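# An overview of the molecular structure
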Amino acid sequence: MIQMLDKGRFQKPAATLSLTAGQTLELRCKGNKIGWSYPPYLDTFKDSRLSVRQHERYGQLTLVNSTAADTGEFSCWGQLCQGYVCRKDETKTGSTYIFFTEKGELFVPSPSYFDVVYLNPDRQAVVPCRVTVPSARVTLHREFPAKEIPANGTDIVYDMKRGFVYLQPHSDHQGVVYCKAEAGGKSQISVKYQLLYVEVPRGPPSTTILASSNKVRSGDDISVLCTVLGEPDVEVEFRWIYPGQKDERPVTIQDTWRLIHRGLGHTTRISQSILTVEDVATTDVGYYICTARNLQGETTVATTVEFS
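Everything quoted here is computed from the prediction, not taken from an experiment.

### A few points about the environment of G35
If you trace the backbone, G35 turns up in strand β5 (residues 34-37). As for G35 and W77, which are separated by 42 residues in sequence, their C-alpha atoms are 5.3 Å apart. Setting aside residues no more than four positions away along its own chain, G35 makes contact with S75, C76, W77 and Q79.

Okay, structure coming up:
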């Protein structure tokens, strides 16, 4: 990876760079097929200020009118392709973390004024107080009772590229916190973060299935409900197999989810899929099978519907 400077000069960027917001950033990586990654903020909003182009001998990333919100990791890598299938060439990679300093912005701006951080006992949790000035002193504070939370290096550590990292989260950590940054004689308070302890452990979906009635008569309407209780931030996908499927029987399927709070900060995500059949006929009798999938795996449950 190389960075293009003014007057056509180039340099290899350091592991971290500090640039003034408003500057144009141009990075190049040698190769005829280059992959890129950059701060999620730019990807989420499909920002027109960012352009990525592939030239014959190098890939080029250009960011104009940079802002403090663009602070983050910029990476490139060569790609080895066979036909349309490409994989990352681990021997040809480059990256740099860039701080875009902007007057009045010590923290990387957040899209909201209040964020939720879920605490799971079996993985790290991050309060993402990232700064735009590498030399800034950053502290973590609890709102009530008001006190500073020490980053002692064993339980909580500060990483300027991530924020405050809770290495082993537990229920005592829950509550409302915020960060304070000080640099150049100025200070700034971050947005607030609600830390919620997660009640349900990681794993394949915990799934149940329930029919509105397992005994039906011709002409009835039936609904079959598939329910998953899981982590607040883990999405669930549902897939159905039902008796009338092979005959292309019209059914209605509606997927929803919501958070339920069970006191003491314990929070669970309830995801549901409802399959509805109107005007039941012979073709609708049999097994209704629901498969729920998350990043940890999948669970399949079934129920039967019969004529009474």
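Moving on from the coordinates now.
### A closer look at the state of the cysteines
Going through the model one piece at a time under the given rule, you end up with 3 disulfides. Between C129 and C179 runs a disulfide, and the two sulfur atoms are separated by 1.9 Å. Across the S-S bond linking C129 and C179, the dihedral sits near 75°, which makes this disulfide right-handed. Of this pair, C129 sits in the loop between β11 (125-127) and β12 (137-142) while C179 sits in strand β16 (residues 175-183), and the two are 50 residues apart along the sequence. Judged by its relative accessible area of 1%, C129 falls in the buried class. On the accessibility criterion, C179 (0% relative accessible area) is buried.

### Some thoughts on the pattern of salt bridges
Side chains carrying opposite charge are able to pair once their charged atoms draw close together. The final tally for this structure, using the stated rule, is 7 salt bridges. We note a salt bridge from R249 to D284, for which the minimum N-O separation is 2.9 Å. Of this pair, R249 sits in the loop between β22 (237-241) and β23 (252-261) while D284 sits in the loop between β24 (266-277) and β25 (286-294), and the two are 35 residues apart along the sequence.

### Re the confidence of the model for the protein chain
Scored by pLDDT, the protein chain comes out at a mean of 87, with 94% of its residues at no less than 70. Taken element by element, the predicted model of the protein chain shows its lowest mean pLDDT in helix α1 (residues 40-44) (72) and its highest in β22 (95).

### What to know about the side chain of R28
Note on placement: R28 falls in strand β4 (residues 25-30). We classify R28 as buried; its relative accessible area is 19%.

### Quick word on the domain arrangement of the protein chain
Looking at the assigned domains, one finds that the protein chain contains domain 1 (2-101), domain 2 (114-197) and domain 3 (206-307). Look at where the C-alpha atoms of domain 1 and domain 2 centre, and you get two points 29 Å apart. Domain 1 puts 11 residues into the contact, and the matching count from domain 2 is 7 residues. Roughly 670 Å² is buried in total at the junction of domain 1 and domain 2, and carbon and sulfur atoms are behind 62% of that figure. Applying the counting rule to domain 1 against domain 2 returns 0 salt bridges.

Cut-off values and rules
Residues numbered from 1 in each chain as written. Predicted model: local features only at pLDDT ≥ 70, side-chain atom pairs only at ≥ 80, totals over all residues. Heavy atoms only, no water. Helix = DSSP H or I, 4+ residues; strand = E, 2+ residues; numbered from the N terminus. Contact = heavy atoms within 4.5 Å. Disulfide = S-S within 2.5 Å. Buried < 20%, exposed > 50% of the residue type's maximum accessible area, 1.4 Å probe, protein only. Salt bridge = Lys/Arg side-chain N within 4 Å of Asp/Glu carboxyl O. pLDDT = per-residue confidence, 0-100. Domains from an automatic or database assignment. Buried area = accessible area lost by both parts, 1.4 Å probe.

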